[in-house]
Amino acid sequence: MPTFAERMGLRASRTIVQSESLDEETRTALWNMLVILQEVFDAQLRGYHDSGPTHDELLTSMWVNHFKRPRDEQPHRVATWNLIKKEILEGEWVDALEVLERTSKVLARADEERGEDSSGAFTDALNDRFEQYLVGYRFIGNEITPIDSSAEADSVDTALADAASIAGARHSLERAVELLADRQNPDYPNSVKESISAVEAVTKKITGEGTLGAGLKKLQGAGVNIHPALKEGWLKIYGWTSDENGVRHGAIDAASVDQTMAKYMLVSCSAFVSYLIDEGRKSGLV
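How each quantity is defined
Residues numbered from 1 in each chain as written. Predicted model: local features only at pLDDT ≥ 70, side-chain atom pairs only at ≥ 80, totals over all residues. Heavy atoms only, no water. Helix = DSSP H or I, 4+ residues; strand = E, 2+ residues; numbered from the N terminus. Buried < 20%, exposed > 50% of the residue type's maximum accessible area, 1.4 Å probe, protein only. Contact = heavy atoms within 4.5 Å. Areas by Shrake-Rupley, 256 points an atom, 1.4 Å probe, with all protein chains shown as cover. Axes fitted to C-alpha atoms, helices over the stretch in contact; angles between N-to-C directions. Parallel < 35°, antiparallel > 145°, perpendicular 65-115°, else oblique. Left-handed = near helix turned anticlockwise from the far one by under 90°. Lys, Arg positive; Asp, Glu negative; His and termini not counted. Salt bridge = Lys/Arg side-chain N within 4 Å of Asp/Glu carboxyl O. Polar contact = N/O pair within 3.5 Å; in protein donor to acceptor, adjacent residues only side chain to side chain. Phe/Tyr/Trp six-rings, centres within 6.5 Å; stacked < 30°, edge-to-face > 60°.

## Observations concerning the overall build of the chain
- In terms of regular secondary structure, the chain is built from twelve helices and two strands.
- For the chain, the α and β elements follow one another from N to C terminus as α-α-α-α-α-α-β-β-α-α-α-α-α-α.
- Taken across its 286 residues, the chain has 46% of its residues classed as buried.
- Considering only intrachain contacts with a sequence separation of at least 6, the fraction spanning at least 24 residues in the chain is 58%.
- Carbon and sulfur atoms make up 48% of the accessible area of the chain, which totals about 14600 Å².

## Some details on the packing of helix H9 (residues 188-207) against helix H11 (residues 228-242)
- Between H9 and H11, the least distance of the axes is 11 Å, while the angle of their chain directions is 135°. If you check the angle between H9 and H11, you find them oblique. Relative to H11, H9 is oriented so that their crossing is left-handed. Each of Val192, Ile196, Val199 and Glu200 in H9 lies in contact with H11, whose residues at this interface are Trp234, Ile237, Tyr238, Trp240 and Thr241.

## Brief notes about the side chain of Lys263
- Counting through the fold element by element, Lys263 comes out in helix H12 (residues 259-282).
- Buried charge without a partner: Lys263 forms no salt bridge, and the closest opposite charge is Asp148, 4.6 Å away.
- In terms of polar contacts, Lys263 uses its side chain to reach the backbone carbonyl oxygen of Pro146, at 3.5 Å.
- Sequence-distant contacts of Lys263, defined by excluding residues within four places in its chain, comprise Pro146, Ile147 and Leu180.

## Examining the packing of aromatic side chains
- Inspection of every chain in the model, using the stated rule, returns five aromatic pairs.
- Measuring from ring centre to ring centre gives 4.4 Å for Trp234 and Phe272, while their planes differ by 5°; the resulting arrangement is stacked. Highlighted residues: Trp234 in helix H11 and Phe272 in helix H12, separated in sequence by 38 residues.
- Residue class for Phe272 comes out buried when judged on its relative accessible area of 3%.

## As for the packing of H9 against H12
- Between H9 and H12, the shortest axis-to-axis distance is 8 Å and the interhelical angle comes to 10°. Between H9 and H12, the interaxial angle falls into the category roughly parallel. Contacts from Tyr188, Ser191, Val192, Ser195, Ile196, Ala198, Val199, Val202, Thr203 and Ile206 of H9 reach H12 at Gln259, Met261, Ala262, Met265, Leu266, Cys269, Phe272, Val273, Leu276, Ile277 and Gly280.

## A few points about helix H10 (residues 212-222)
- The complete set of buried residues in H10 reads Leu212, Gly213, Gly215, Leu216 and Leu219.
- Residues of H10 that are buried in the fold lie against H9, H11 and H12.
- Among the residues trailing H10, Gly223 stands out with phi positive, at a value near 110°.

This is how it looks when you write it as C-alpha cells:
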C-alpha cells in the first residue's frame, strides 16, 4: 500500500520487483519479523507455556544446518540470534530467505505437535512484507516460491486446501511448488508436469478416467458443467504437455520451459483444480 508521501508524489514509490537482491529497508523489515518472534518466545518462557524446546530447536537448526557449525560449539541464544541478524541484514539475499524458510519449517513441526498454527501466522506476516517491499517471492505453505503476487500465492494455497481429500492432486501440487521453489536446482519442466498432473488427478476422481484428456471429455456426462471453450482450452494445454514433444515425455528441457512458464502453469492449474473440485462438490462427486 502506498504511503502518504508516495500518494502525494513527494516520494517515488517502488516499481522494481526484488528478485535477485534485497535492499536495506526490506532486510530491516524482515529482521523485525524475527524480533517479534523472539518477543513471542520470551513471553512464552515467562509463563504462558514453555517454548524452550521450539526456541532451542530453531537456533540449533540455524547453527547446525544453516551456518554448518559443530553442534557442540553452539553459543548461547543471544549470540546465535546475533549471527542470524547479521545474515538477514548483511548476508547474501538468498541466505536471508533461507533463514526465513528454515524458521517457518521449524515452527510448522512444532505446530504439528501442539495443534497450533504459529507458522501460518508467521508466513502470512512475511508475505505481507514481501508484497509491501516488492519482493518477488511468496510463501506457499512453508516453501518460499518465486511468485510475486499475493493473489497468485493465495490461488495455490486455496487449491492445496481444496485438494486435501484428493491425495494425488495435493501431492502433485506440493511437488510442483517444491520443484519451482528449489533455488539451487529448480526443475521447471517437471514442475509443469506435476501441475498438470494435479488437474488430471481431480478429473480422475470425478470421472474415473485415467488421463486428463479423457476426463475432460467426460466431465459433462459426470454432472460437471464446464463451458466448451474452457474445456477446449484445457484439452489443448494437455495436448501441449502430452504429445511426443511435450513435457510429460521429457522432450522439453529447461531451456524451453523457464520459471515464467512454470509459475503460469502452477497458478493456472491450481485455479482449475479449485474450480473442478468446487463443481464436483456441487454434483456430489467429490
